[in-house]
Each structure stands twice: as structure tokens, then as C-alpha cells.
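Listed below are the residues making up each chain.
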Amino acid sequence: MGALNFLYAFLMLLLVFIFQTTLTGLNRKVTARLQKRYGARWYQQFLDIFKALRKDSTSHGWVFDFGVIMALGGIMATVTFIPVAGFRAFPGTDNVFVISYLLAVGMLGMAMSAAGSGNPWASIGVGRALTNMLAYDIPLMVVIFTMIFAFDSASVGQLAEMQQGMGILGWNFFRMPLGGIVAVIALLGMLGKKPFDSFIAPAEIASGPMVEYGGKHLGFMFILHEFMTFIEVSLIINLFFGGGATIWEYMLKYAILYTFTNIISGVMPRFKIDQAVKYFYRVPLAMAIIQGLVVIFTGLGVTIWF
Amino acid sequence: MVLDNKDTRNIWEKIGDFFSANSIWMKWYCTGCGAIEMPPTMTSRFDMERLGMGPMATPRQADVLLITGYLSTKTLRRVIYSYEQMNSPRYVVGFGSCTINGGIYYDSYATINQLDKYLPVDLYIAGCMPRPEAIMNGFNTLIEMIKKGEANGWRHYQENYDWYKKNQLESLGEVIIHDEFHE
């Protein structure tokens, strides 16, 4: 591991930011078309971020400022560990557990910063966000542990490569259909899309954790959100949709999955937080456990298609 | 107020103003009757998002404070709190004739007549109420003003804070609260 790896990591961060922000902008247009509107310009998200970075900003103390930097640092570090179409900035470090622990640094940084603002809406938002995380993480982890058990590897890149070369039926989404559906539902929860967006509910708790952010702080949070989206969608693409043999294939799959979550989000109402938890612990958790039992006791899913 | 039309901005401020003009996040102060004109402006008929405008949840996140109609002296206090929570550059848009000269409430004991005695208003949209066409037209003007660097109300507020403060206090009067939090 040398200086070149760090150069790759830096380039990767830059490209991920440009790609994901463009995609977010295009998806704002998709949402607008669902609502029969014309919609924002495709580069609107860039304008919003740079506008926010340009403004003055109010601090609410050391914890508030430091939390933002810690969250952004943690999330950016996580991005560099994500394998993209066989490319790894730091080879050999793309373990599921490394990624999920590093992701927690970012999440907790955000929670710390929001709670540090002292605003009660922010505390309610953080509480809901962490409850939501607990809800979607358990079914998703059951499925991912099943996969690790079945294929004897915890490396995200290796798990992606194992699905390649067998056509579309080689994807874990089709080998383990119940688990795949759980993962896509969990992705909706991870991204904070409707129906699982009760922690940012703008009209109810004034955008939750984001309530006291303005100006540069808010700009950082927007950048952080783009990176976080990339990590979450990438995990699902790599683990369930076969990653990508080439970068273009990867980007195409990524764009389709992300747009799909947005379309679902565009037509859904919102769960209350207790409804979301109940839902995750009832339907997806049951599906995940059934999938796990099937894989462990019958071997279907590991060998069924070939 | 001395009108100075010379453009004294440096290149970074010009770039910043370009971003500000094309991404206007608004906090709607919707205690007046004008609030009812905002939903059609936002949704599919007029669709303000295509100009980069959108509602935000809190004053901290917003660039524009939109006062939709009359302000009673009680709500004026909250408007001032909201305005002072916003981060500069920040703009105020007065909406409807009530913010210009009191409108049909011109002789009411409970409302203020002229908003720009208390807050630096960058743009007025006249009408009772202004229809969404007028709102879109007004915001196009605001976008042009920000691009040219003419929307300087927030700077004017900083420079003439004493004058604004005096007017605010005169209107609000002194409030003495007797409870466990204030003594």
C-alpha cells in the first residue's frame, strides 16, 4: 500500500461525488415527473451544495462543529473501502464488517453533532434515525450473515465476483430471492426513503437531525448524504446484484436501483417510527430467517442454478 | 439609505451570488392569508422548483424569509427571531399589500403597517393576493437582483441595526413576564 493507493482513493472520492450528485439531481427530475411537474435542472444539486457552502454559518458549540467533521471524515473513509467493479483503492480491506463499523463512525458523528445543537427536534430526529437503523439492520444482517455462511467469504468484492459469469441468474437476488427482497426493502430504510423517512419528516419535526444546520454545516451534511447514499446503494449492488464486470455496467445497475428506490418513495406515504419497526420485525425479518434456514439446511441458493 | 449602484463585488462574491440566485430556499412565514397562494406555485401548475426554489423546514436552512401578508405585533416578534436565526446572505420578500402599507388592515390596532421599518425587505410582491403568476414574476426579479448584487438588505440591516432595533422596540413595547423561567 503506497502513495498511489491514496491517490486512487482521492480520485475515487471525487468521481463518486460527481456521479452521485448528478444522479441525485436527475432523480429530483424523476420525482417531479411522477408529480406531473417539470422539475429542477439536472445540476441543481450542485448549485444547492455550493450555495450552502458559500453562506455564513452558525455554530452551536464545539460538539456541533466537530460532529460534522467526524461524520464527513468517517463516511469519506468508508467510501474508499467500497469495491467498485473489481477496483479497490485499498486492496484486501473490503470486508463487510470493516465497512459496517466505519459507517457507524459517520452515523454516530452525525448523531453527536445533531444532539450537540441542543434543539429538541434534532434529538427526536436522531432518536428516530437510530431506531430506524436498528429496525432495518437486523433483517439485513441476517441475510448478509447467511450469505457469508453460504459462500465462506466476508469480502464484499469477492462476494460480488462470485456472482459474475453466470448471467442474470447468478445474482444473489435470484439465488436467494427472499433475501434479495429484504435487502431492497432495507435499502429503502437505509436511504431514508418513504415509507421509512419518519426521522426527517419536514412538516412534523422540522427535518429532524438537520434542524439547526445552516450554511456551511448544511453544505457538509449534503455532501455527506451523497457519499452515504453511494455506500448504501453500492453495498446492495455488490452483494445482491453481482457488482459489475465493467465500471459502466456497475454505474448502470447503480442508477437503475437508485432510481427504483426513488420511484417507490415518490408514491408512498410515511410510516410512523413504531409502525416502521413493527413492519421490519414482522415481514422482512421473517423472510430473512426463512431464507437463512433454507440456505443452511437445504443448500438451495448456493447451488440451485448450476 | 444611500443608493450605491457601483458593483464592488470581487470575483468570489460574484460566483457566490450566481449560486445564491439559482438556489433559493425559502422559509414561509405563513400567518397571513397569502399562504394559500404558495401550494399552487409549488405544485404541478406553476412548479417553482424548475427555478431552483423550494421550501425549507427551518430558518437556519433558508435564504429567503417570505412574509405572506399581514403581521400582527405579536407575530412580528417571532418574525424578527426567525430572521435573526438565518445565515447571511439572507433576503426578505414582502408578499401582498399588507406588508407594503397595511392593506385592508391599515387602521388596525393589532397589525403593523410597513414591514420595511422592522426588517430590510428586498422585494415586494404587490396584490391582494398576488396570484402565482405574480409570485413567479416577482421571484424572477429577485433572482436577477441577486445576480447583479443588488439584493443587499442583509448588509443594510447590519449597518443600520440601531435604526431597525429602535423601530422594533417601539412597535413591540416592553414585555415583562412573571414566571419561573424569566426571573
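Up top is the structure.
Notes on the structure follow. Since the model is a prediction, treat every value here as computed from it, not as a measurement.

What follows covers the overall build of chain B. When helices and strands are counted, chain B shows 7 helices and 5 strands. Starting at the N terminus and ending at the C terminus, chain B contains elements arranged as α-β-α-β-β-α-β-α-β-α-α-α. Computed over the C-alpha atoms, the radius of gyration of chain B is 17 Å, within 12% of the 16 Å expected from 2.2 N^0.38 for a compact globule of 183 residues. Across its three principal directions, the C-alpha atoms of chain B cover 50 × 40 × 35 Å.

Let us look at helix α2 (residues 44–54) of chain A. Listed in full, the buried residues belonging to α2 of chain A are Gln44, Gln45, Asp48, Ile49, Lys51, Ala52 and Arg54 of chain A. On its buried side, α2 of chain A packs onto α1 (3–34) and α10 (215–240) of chain A together with α1 (11–22) of chain B.

Let us look at the interface of chain B and chain A. The interface is formed by 17 residues belonging to chain B together with 26 residues belonging to chain A. Of the residues contributing to the side of chain B that touches chain A, the split by class is 3 nonpolar, 10 polar and 4 charged.

Turning to the nonpolar core, a few remarks are in order. Membership of the largest hydrophobic core comes to 116 residues, with the highest contact counts inside it found for Phe227 and Ile236 of chain A together with Met26, Leu65, Leu66 and Ile67 of chain B. Broken down by element, this core gets its largest block of residues, 15 residues, from α10 of chain A. If sequence neighbours within four positions are ignored, Ile236 of chain A has contacts with Ala183, Val184, Leu187, Phe241 and Leu257 of chain A.

Here we take up the packing of α2 of chain A against α1 of chain B. One way to put it is that α2 of chain A packs onto α1 of chain B with a least axis distance of 8 Å and a crossing angle of 125°. It follows that α2 of chain A is oblique to α1 of chain B by the angle criterion. Judged by the sense of rotation from one axis to the other, the crossing of α2 of chain A with α1 of chain B is left-handed. Within the contact between the two elements, α2 of chain A uses Leu47, Phe50, Lys51 and Arg54 of chain A and α1 of chain B uses Gly16, Phe19, Ser20 and Asn22 of chain B.

Residue Pro195 of chain A is bonded to the preceding Lys194 of chain A through a cis peptide linkage, with omega at 5°. Mapped onto the elements, Pro195 of chain A comes out in the loop between α8 (177–191) and α9 (202–205). Residues Ser88 of chain B and Pro89 of chain B are joined by a peptide bond in cis, for which omega reads 0°. With a phi close to 60°, Asp152 of chain A is a non-glycine residue in the positive phi region. Looking at the secondary structure, you find Asp152 of chain A in the loop between α5 (120–151) and α6 (156–162). Look at Asp152 of chain A and you get exposed, because 9 C-beta atoms sit within 10 Å.

Let us look at the environment of Ala110 of chain B. Residues and elements named next belong to chain B. In this fold, Ala110 is placed in the loop between α4 (97–101) and β5 (123–125). Ala110 sits in the exposed class, given 11 other C-beta atoms within 10 Å. As for Ala110 and Ser72, which are separated by 38 residues in sequence, their C-alpha atoms are 5.4 Å apart. Excluding anything up to four places from it in sequence, Ala110 contacts Ser72 and Thr73.

Turning next to the packing of α8 of chain A against helix α12 (residues 273–298) of chain A. All names here are of chain A. Packing of α8 against α12 leaves a shortest axis separation of 8 Å and a crossing angle of 145°. The two elements α8 and α12 meet at a crossing, and its hand is left-handed. Counted together, Leu178, Gly179, Ile181, Val182, Ile185, Ala186 and Gly189 of α8 and Phe280, Pro284, Met287, Ala288, Ile290 and Gln291 of α12 form the full contact between these two elements. Tallied by class, the residues present in the contact of α8 with α12 amount to 10 nonpolar, 3 polar and no charged.

Thresholds, definitions, all that
Residues numbered from 1 in each chain as written. Chains lettered and ligands numbered in written order. Predicted model: local features only at pLDDT ≥ 70, side-chain atom pairs only at ≥ 80, totals over all residues. Helix = DSSP H or I, 4+ residues; strand = E, 2+ residues; numbered from the N terminus. Rg over C-alpha atoms; globule rule 2.2 N^0.38 Å. Buried ≥ 20, exposed ≤ 12 C-beta atoms within 10 Å, placed from the backbone. Contact = placed C-beta atoms within 7 Å. Nonpolar A, V, L, I, M, F, W, Y, C, P; charged D, E, K, R; others polar. Core = buried A, V, L, I, M, F, W, Y, C linked by C-beta atoms within 7 Å. Axes fitted to C-alpha atoms, helices over the stretch in contact; angles between N-to-C directions. Parallel < 35°, antiparallel > 145°, perpendicular 65-115°, else oblique. Left-handed = near helix turned anticlockwise from the far one by under 90°.

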